[in-house]
Amino acid sequence: MIGASIGLTFAVSLMLAPVLYRTIGMGGLFGFVGLLALAAIAVVLYGVPAEQAHVHGEGEAATLGDVLRNLELVRLNVGIFVLHMVQMAMFVVIPLALVHGGLDVQLHWKVYLPVVLVSFLLMMPPIMMAERRGRVKALFLGSIVTLLAVQAGFAIWLDSMVAVTVLLGAFFTAFNILEASLPSLVSRIAPASARGTAIGVYNTTQALG
C-alpha cells in the first residue's frame, strides 16, 4: 500500500504539475510542496491515532542501533536510496531529451502519464504470480536487471522519442514493482518490536535518495 500510494501520487502529480506551473511558477511549486509537508506533519500529530502501549519481554525490544546494524535491512535501505536517486537523476535528463525531441515542456505529461498508468497495469500480474509461486526474489532481481537495461538503453537511444517512451514504460514497471515490494520486505525482516523504526529508517533513506 505504501509503494502503490507513492506511485499513484506520482501519476497524479504529472497531471497537476503543468497546470500549477503555469499558474504559480516554479517558486510557487516549491512553496506548495512546503505547505503540503506542514499539512502532513499536522495529520501525523493530530489525525493519526496514538499507538497502544506494548510491553515487551526482557531482551525483546530492538533499538535504532539494532535496525541500523541489521545487514539485510541495510541492503534494502541502500536499494531504495539508489532507486530514488536514479529516478531523480533521470528527471534531470529526460525532460531535456523530450524538449530536444520537439515536445514542449508543458506537454510532457502526455508522455509521463500514459507511461505511468500502463506500468501500473503491467506490474500487477508479475507481483501476483511471484507471490503465488514463491518467486518474489526472482521478480526482485529481474526488476533490478530491467532497470540496468533501461539505463543502458537511455545511453544509446536518448535521441529517439519512441525509444525514450518505451524505456520509460519499462523503467516505471520495474520501479513500481520494487517500490511496492521493498516496504513489504522491510516489515517482514525487521524485528517485531522495531518494525516502525525500520520503516522510518527506510522512508528516510528513500527521501534522501
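Below you will find a few notes about this structure. Keep in mind that what you see is a predicted model, and the values were worked out from it rather than measured.

Rules used throughout
Residues numbered from 1 in each chain as written. Predicted model: local features only at pLDDT ≥ 70, side-chain atom pairs only at ≥ 80, totals over all residues. Heavy atoms only, no water. Helix = DSSP H or I, 4+ residues; strand = E, 2+ residues; numbered from the N terminus. Buried < 20%, exposed > 50% of the residue type's maximum accessible area, 1.4 Å probe, protein only. Expected span 1.5 Å × (residues − 1). Salt bridge = Lys/Arg side-chain N within 4 Å of Asp/Glu carboxyl O. Core = buried A, V, L, I, M, F, W, Y, C linked by side-chain atoms within 4.5 Å. Contact = heavy atoms within 4.5 Å. Phe/Tyr/Trp six-rings, centres within 6.5 Å; stacked < 30°, edge-to-face > 60°. Axes fitted to C-alpha atoms, helices over the stretch in contact; angles between N-to-C directions. Parallel < 35°, antiparallel > 145°, perpendicular 65-115°, else oblique. Left-handed = near helix turned anticlockwise from the far one by under 90°. Nonpolar A, V, L, I, M, F, W, Y, C, P; charged D, E, K, R; others polar.

The subject of this paragraph is the overall build of the protein chain. When helices and strands are counted, the protein chain shows 7 helices and 0 strands. If you list the helices and strands of the protein chain from N to C, you get α-α-α-α-α-α-α. Over its C-alpha atoms, taken along the principal directions, the protein chain stretches across nearly 65 × 40 × 25 Å. Scored against the burial criterion, the 209 residues of the protein chain give a buried share of 33%.

This brings us to helix H4 (residues 109-133). Given a rise of 1.5 Å per residue, 25 residues ought to cover 36 Å, and the 36 Å separating the end C-alpha atoms of H4 matches this to within 8%. For H4, the complete set of buried residues consists of Val 111, Tyr 112, Leu 113, Val 115, Val 116, Ser 119, Phe 120, Met 123, Ile 127 and Ala 130.

So, about the pattern of salt bridges. Going through the model one piece at a time under the given rule, you end up with 2 salt bridges. Arg 69 is the salt-bridge partner of Asp 66, the closest N and O atoms lying 3.1 Å from each other. Here the residue Asp 66 and the residue Arg 69 both occupy positions in helix H2 (residues 64-69), the gap between them amounting to 3 residues, near one helical turn. On the basis of relative accessible area, Asp 66 is assigned to the partly exposed category, the value being 33%.

In this section: the nonpolar core. Ranked by size, the top nonpolar core spans 44 residues in total, and within it Ile 94, Phe 154 and Leu 168 carry the most contacts. Of all elements in the fold, only helix H1 (2-47), helix H3 (71-100), H4, helix H5 (136-157), helix H6 (161-189) and helix H7 (195-208) reach the threshold of two or more residues within this core. Per-element tally for this core: the top contributor is H6, with 12 residues. When near neighbours in sequence (up to four residues on either side) are disregarded, Leu 168 contacts Met 90, Ile 94, Val 111, Tyr 112, Val 115 and Phe 154.

A few words now on the packing of aromatic side chains. For the structure shown, the criterion picks out 5 aromatic pairs. Taken together, a centroid distance of 5.3 Å and an interplanar angle of 65° make the contact between Phe 91 and Tyr 112 edge-to-face. Taken as a pair, Phe 91 in helix H3 and Tyr 112 in helix H4 lie far apart in primary sequence, 21 residues in all. Ring plane angle 80° and centroid distance 5.2 Å describe the contact between Phe 171 and Phe 172, whose orientation is recorded as edge-to-face. An aromatic cluster is defined as three or more aromatic residues linked by ring pairs; in this entry it consists of Phe 91, Tyr 112, Phe 171, Phe 172 and Phe 175.

Remark: H4 packs on H6, axes separated minimally by 8 Å, with the N-to-C direction vectors making an angle of 45°. What the angle tells us is that H4 and H6 run oblique. Classified by chirality, the crossing of H6 by H4 is right-handed. Here Val 111, Tyr 112, Val 115, Val 116, Ser 119, Phe 120, Leu 122, Met 123, Pro 126, Ile 127 and Glu 131 of H4 come into contact with H6, specifically with Thr 165, Leu 168, Gly 169, Phe 172, Thr 173, Asn 176, Ile 177, Ala 180 and Arg 188. Tallied by class, residues from the contact of H4 with H6 come to 13 nonpolar, 5 polar and 2 charged.

Looking now at the side chain of Gln 87. Looking at where Gln 87 falls in the secondary structure, it is placed in helix H3. Excluding residues that lie within four positions of it along the chain, Gln 87 makes contacts with Phe 10, Phe 171, Phe 172 and Phe 175.

Pairs of packed helices are described in terms of their axes, by the angle between the two and the distance that separates them. Close contact between H3 and H7 brings their axes to 7 Å; oriented N to C, the two are set at 30°. Taken together, H3 and H7 sit at an angle that is classed as roughly parallel. When the axes of H3 and H7 are compared, the crossing they make is right-handed. Mapping the contact onto sequence places Leu 73, Leu 76, Asn 77, Ile 80, Phe 81 and His 84 in H3 and Ala 198, Val 201, Tyr 202, Thr 205, Gln 206 and Leu 208 in H7. Within the contact of H3 with H7, the residues separate by chemical class into 8 nonpolar, 4 polar and no charged.

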